[in-house]
Amino acid sequence: MTKQIVYCHFTEIRPEQFEESSPGPPASPNVSRFRVTSECAEADPDSAEIWTQIQALPSQVHQRVAIAALLMLVKVAQGGQPLTQAFDKKALHETHAFRSSVSGKVERIWRLRRGDIRLLFYYAQDRVVLLSTILVKLRDRLTVGEQLAAEGAVDRFLEARQRRLLRWV
């Protein structure tokens with residue numbers, strides 16, 4: 001009996017996936033864009049975890065704010081400049097660092113804040129921005145469970161890349 005290989009699927013979130021999307025800032029010459037990505041439940045870009053997380057938010061108001069925050073992040077990423085240049089430190093900053101059991105290195109989780117919405121992400125190699133979690137926060141501090149969820153998403157990505165099981169859909 002042969003062992004079945006299980007791939008991890010990821011997709012890029014693009015501006016054209018949003019209704020009423022206007023173009024983001026133009027890319028600077030000789031600067032490639034950042035690719036905002038999400039893990040997928042299956043080999044289908046419509047199964048991106050970020051969409052599932054947004055749908056699970058407690059209200060339509062939170063969902064609209066989350067979509068607006070995500071769209072803003074995606075548009076800025078298309079310009080290719082570091083995200084820290086487009087947002088002030090209150091809106092975008094590092095939340096915490098952890099030692100990854102996969103990479104053996106200290107990895108950093110970042111946060112984009114818009115209203116009560118917190119969008120957690122990780123800067124990966126090759127100008128990839130991995131979306132890990134989107135949540136409603138009425139205070140700035142993350143719970144241990146929220147931190148562990150974000151770290152788990154990063155480790156799944158790193159392991160899939162390391163084991164060559166990462167597939168783009």
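As shown above, the structure is provided for reference.
First, a word on scope: everything that follows refers to the structure included in this document. (Residues numbered from 1 in each chain as written. Predicted model: local features only at pLDDT ≥ 70, side-chain atom pairs only at ≥ 80, totals over all residues. Heavy atoms only, no water.)

1. Concerning the layout of surface pockets
Part 1 of the reasoning: Within this model, the largest pocket holds a volume of roughly 200 Å³.
Part 2 of the reasoning: Looking at the largest pocket, the residues that line it are Gln17, Phe18, Glu19, Trp51, Arg64, Ile67 and Ala68.
Part 3 of the reasoning: Examining the composition of the lining of the largest pocket, we find that three residues originate from one element, helix 2 (residues 60–78), more than from any other.
Part 4 of the reasoning: A class-by-class count of the residues in the lining of the largest pocket yields four nonpolar, one polar and two charged.
Part 5 of the reasoning: Within this model, the second largest pocket holds a volume of roughly 160 Å³.
Part 6 of the reasoning: What lines the second largest pocket is simply His93, Glu94, Thr95, His96, Arg111, Asp140, Arg141, Leu142 and Gln147.
Part 7 of the reasoning: Here the lining of the second largest pocket takes four residues from strand 3 (residues 92–99), the largest share from any one element.
Part 8 of the reasoning: Partitioned by chemical class, the residues of the lining of the second largest pocket number one nonpolar, four polar and four charged. (1 Å grid on protein atoms, 1.4 Å probe; cavity = no way out; pocket = protein on both sides within 12 Å on 5 of 7 lines; lining within 4 Å. Points joined across faces, edges and corners; volume = space filled by probe spheres on them. Helix = DSSP H or I, 4+ residues; strand = E, 2+ residues; numbered from the N terminus. Nonpolar A, V, L, I, M, F, W, Y, C, P; charged D, E, K, R; others polar.)

2. Examining the pattern of salt bridges
Part 1 of the reasoning: In total, this model carries eight salt bridges according to the counting rule given.
Part 2 of the reasoning: A salt bridge links Glu12 to Arg14, with the shortest nitrogen-to-oxygen separation between them at 3.8 Å.
Part 3 of the reasoning: The exposure class assigned to Glu12 is buried, which follows from its relative accessible area of 14%.
Part 4 of the reasoning: In this structure, Lys137 and Glu146 form a salt bridge, with 3.1 Å as the shortest nitrogen-oxygen distance. In this pair, the class of Lys137 matches that of Glu146, namely buried.
Part 5 of the reasoning: A single network of salt bridges, built from pairs that share partners, joins Glu12, Arg14, Glu16, Arg33 and Arg35. (Salt bridge = Lys/Arg side-chain N within 4 Å of Asp/Glu carboxyl O. Buried < 20%, exposed > 50% of the residue type's maximum accessible area, 1.4 Å probe, protein only.)

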